[in-house]
Amino acid sequence: MKKIYALLLTILPLFSFSQLSFEWHTDQFQTGYQGDDIGFDYTLTNEDTANAVNITWELLHDRSTSTDIWTDYYCEGLFVCWPDSVRTNTFELEAGQSIEIYHHVQTWADGDSGTWVSTARVYVEGDSANTVNEFVATLKTGLKVQLNGQTVYIMDGDSFEIYGGEMVPLSINDPSGFNKSALDQNMPNPFNRSTTIAYHLQSGSGSIKFHDLTGKLVMEMPLNKTEGNITLNGNLDAGIYFYTLWENGRMIDSKRMQVIK
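What counts, and at which threshold
- Residues numbered from 1 in each chain as written.
- Predicted model: local features only at pLDDT ≥ 70, side-chain atom pairs only at ≥ 80, totals over all residues.
- Heavy atoms only, no water.
- Helix = DSSP H or I, 4+ residues; strand = E, 2+ residues; numbered from the N terminus.
- Buried < 20%, exposed > 50% of the residue type's maximum accessible area, 1.4 Å probe, protein only.
- Contact = heavy atoms within 4.5 Å.
- Areas by Shrake-Rupley, 256 points an atom, 1.4 Å probe, with all protein chains shown as cover.
- Patch = residues over 30% accessible without salt bridge, like charges linked within 9 Å, V, L, I, M, F, W, Y side chains within 5 Å.
- Salt bridge = Lys/Arg side-chain N within 4 Å of Asp/Glu carboxyl O.
- Disulfide = S-S within 2.5 Å.
- Pairing = 2+ DSSP bridges.
- Polar contact = N/O pair within 3.5 Å; in protein donor to acceptor, adjacent residues only side chain to side chain.
- pLDDT = per-residue confidence, 0-100.

1. What about the overall build of the protein chain?
Of the regular secondary structure elements, the protein chain holds one helix and 21 strands. For the protein chain, buried positions account for 48% of its 261 residues. Long-range pairs, those at least 24 residues apart, make up 62% of the contacts in the protein chain between residues at least 6 apart in sequence. With the model as given, the accessible surface of the protein chain reaches about 12900 Å², and the carbon-plus-sulfur share is 48%.

2. Brief notes about a nonpolar patch on the surface
Taken together, the side chains of L78, F79 and V80 make up a nonpolar region of the molecular surface, amounting to roughly 290 Å² of accessible area. Looking at the element boundaries, V80 is found in the loop between β7 (70-76) and β8 (88-93). A relative accessible area of 37% places V80 in the partly exposed class.

3. Brief notes about the state of the cysteines
Linking two cysteines covalently via their sulfur atoms produces the bond known as a disulfide. Evaluation of the coordinates by the stated rule reveals one disulfide. Between the sulfur of C75 and that of C81 lies a disulfide, 2.0 Å long from S to S. Because the sign of the S-S torsion sets the handedness, a value of about 110 degrees for the bond joining C75 and C81 places this disulfide among the right-handed ones. Residue C75 shares its accessibility class with C81, and that shared class is buried.

4. Section: the sheet that holds strand β15 (residues 182-183)
One open sheet holds the three strands; their spatial order is β15-β16-β19, and the pairing between them is antiparallel. The sheet terminates laterally at β15 and β19 (227-233), the two strands that pair on one side only. Of the pairings in the sheet, the one linking strand β16 (residues 194-200) to β19 comprises seven bridges and is antiparallel in character. When the sheet's bridge partners are listed, T196 is paired in β19 with T231.

5. Re the environment of E100
Inspection of the secondary structure puts E100 in strand β9 (residues 98-107). In this view, E100 contacts H25, D41, Y42, T43, C75, E76 and G77; residues no more than four positions away in its chain are not counted. A polar side-chain atom of E100 sits 2.4 Å from a polar atom in the side chain of T43.

6. A word on the pattern of salt bridges
Counted by the stated rule, this structure contains four salt bridges. Between R121 and E58 there is a salt bridge whose closest N-O contact spans 3.2 Å. Of the two residues, R121 sits in strand β10 (residues 115-124) while E58 sits in strand β6 (residues 53-59), which places them 63 residues apart along the sequence. On the basis of relative accessible area, R121 is assigned to the partly exposed category, the value being 25%. Here D253 and K255 are joined by a salt bridge, their closest N and O atoms 3.4 Å apart. For the pair shown, D253 and K255 are each scored as buried. A single salt-bridge network, built from bridges that share partners, covers E58, R121 and E134.

7. Concerning the confidence of the model for the protein chain
Low-pLDDT portions of the prediction should not be read for the details of their coordinates. Mean pLDDT over the protein chain stands at 78; residues scoring 70 or higher make up 71%. The low-confidence segment residues 1-17 (pLDDT under 50) makes 84 contacts with residues lying over four places distant or belonging to another chain. Low pLDDT, under 50, characterises residues 173-179; the predicted model gives this stretch 10 contacts beyond four residues in sequence or across chains.

Set out below in structure tokens:
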């Protein structure tokens, strides 16, 4: 399992320009695992109480050099998420209106370790000289594995465990014999037709359960291999779901997915 350290570089948690203000809701330093979909969440507000404005966002990195390792995409609110192929969009923000923006960065479940940078630009159409702001998200990947029931982290060739909230060196250099159970982020996400989820099981027997936002169990898929993929093809209605990997009556991991129609 790989671990992601996500660092979002901003000057202040709340800052504004002539017509826009941005208020951050996520930590500047975030952690996740290989295949996770990491969202950097802020509220965008039109400070002009008399006039609507057209807001444009752009994702600036060149997808052609990284689509097999990591990707990024944008969501305008909870239910309008653009696929990573859409690199820019303009929408109207009414006078005094606010909207949640999610700048997502996601590594492939089988991607390589390394450092990935995603930059987004947000500005008001026709007033870019005073409203342009760029947000940079930097991700560093590593391994998260199990050794005799102990969670071990491998970063830059060094091994650590978490003790008292701190990473303590273990001096274990060969993680090849570690056993692991893992649940990957569904790809693609969001999706409107089909998506695939990869998993790994130590015992070769388990299940993946799907719950809606109310916590209701809506579907369960049994697993009978140590590793594999399951594919959803129109199994769920549009909405947001959480899916969880279970093994021997124990929850291994849980992730979020969105179905759009």
